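One letter stands for each residue in the lines below.
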Amino acid sequence: EREGLVRDLIRDIQDKRKEMKLEPKDKIRLRILVPEEGIEGFAKEIGKAVNAKEVSVSGGKEERNIWIEKI
């Protein structure tokens, strides 16, 4: 179940990168807020998949939010 969520997050992040007109080689700083618990352990995998130099994953009671900053 969590692996499916991680794939969804990666797809959402890639879509957001595309909206920002970032090239695949562009490094990013990434912050993710998800209501689900246990996603923190996938931060490295997510970062590698989306070319993020820094990844911060937090749980919360809010809906899913993704912040991307080009570095």
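Each remark here, short or long, concerns the structure printed above.
This text gives an overview of the structure that appears in the document.

Thresholds applied
Residues numbered from 1 in each chain as written. Predicted model: local features only at pLDDT ≥ 70, side-chain atom pairs only at ≥ 80, totals over all residues. Heavy atoms only, no water. Helix = DSSP H or I, 4+ residues; strand = E, 2+ residues; numbered from the N terminus. Buried < 20%, exposed > 50% of the residue type's maximum accessible area, 1.4 Å probe, protein only. Lys, Arg positive; Asp, Glu negative; His and termini not counted. Salt bridge = Lys/Arg side-chain N within 4 Å of Asp/Glu carboxyl O. Polar contact = N/O pair within 3.5 Å; in protein donor to acceptor, adjacent residues only side chain to side chain. Contact = heavy atoms within 4.5 Å. Expected span 1.5 Å × (residues − 1).

**Some remarks on the side chain of arginine 17**
Tracing the sequence through the fold places arginine 17 in helix α1 (residues 2–19). It turns out arginine 17 is buried and unbridged, and the closest side chain with the opposite charge, aspartate 26, is 5.3 Å from it. A polar contact of 3.0 Å, which involves the side chain of arginine 17, links it to the backbone oxygen of aspartate 26. Non-local contacts of arginine 17, meaning those with residues more than four positions away in its chain, are made with Leu22, Glu23, Pro24, Asp26, Ile28, Val50, Asn51 and Ile68.

**Examining α1**
In this model, α1 (18 residues) spans 26 Å end to end at C-alpha, consistent with the 26 Å of a helix rising 1.5 Å per residue. Turning to α1, the residues buried within the fold contact β1 (28–34), α2 (43–50) and β3 (65–70). Count one or two residues on from α1 and you reach lysine 21, which has phi positive near 60°.

**Here we look at the pattern of salt bridges**
Scanning the model with the defined rule gives five salt bridges in all. Measuring nitrogen to oxygen at the nearest pair gives 2.3 Å for the salt bridge that ties arginine 11 to aspartate 8. Here arginine 11 pairs with aspartate 8, and both are found in helix α1, just three residues apart, close to one helical turn. With a relative accessible area of 47%, arginine 11 lands in the partly exposed category. Given a relative accessible area of 30%, aspartate 8 falls into the partly exposed group.

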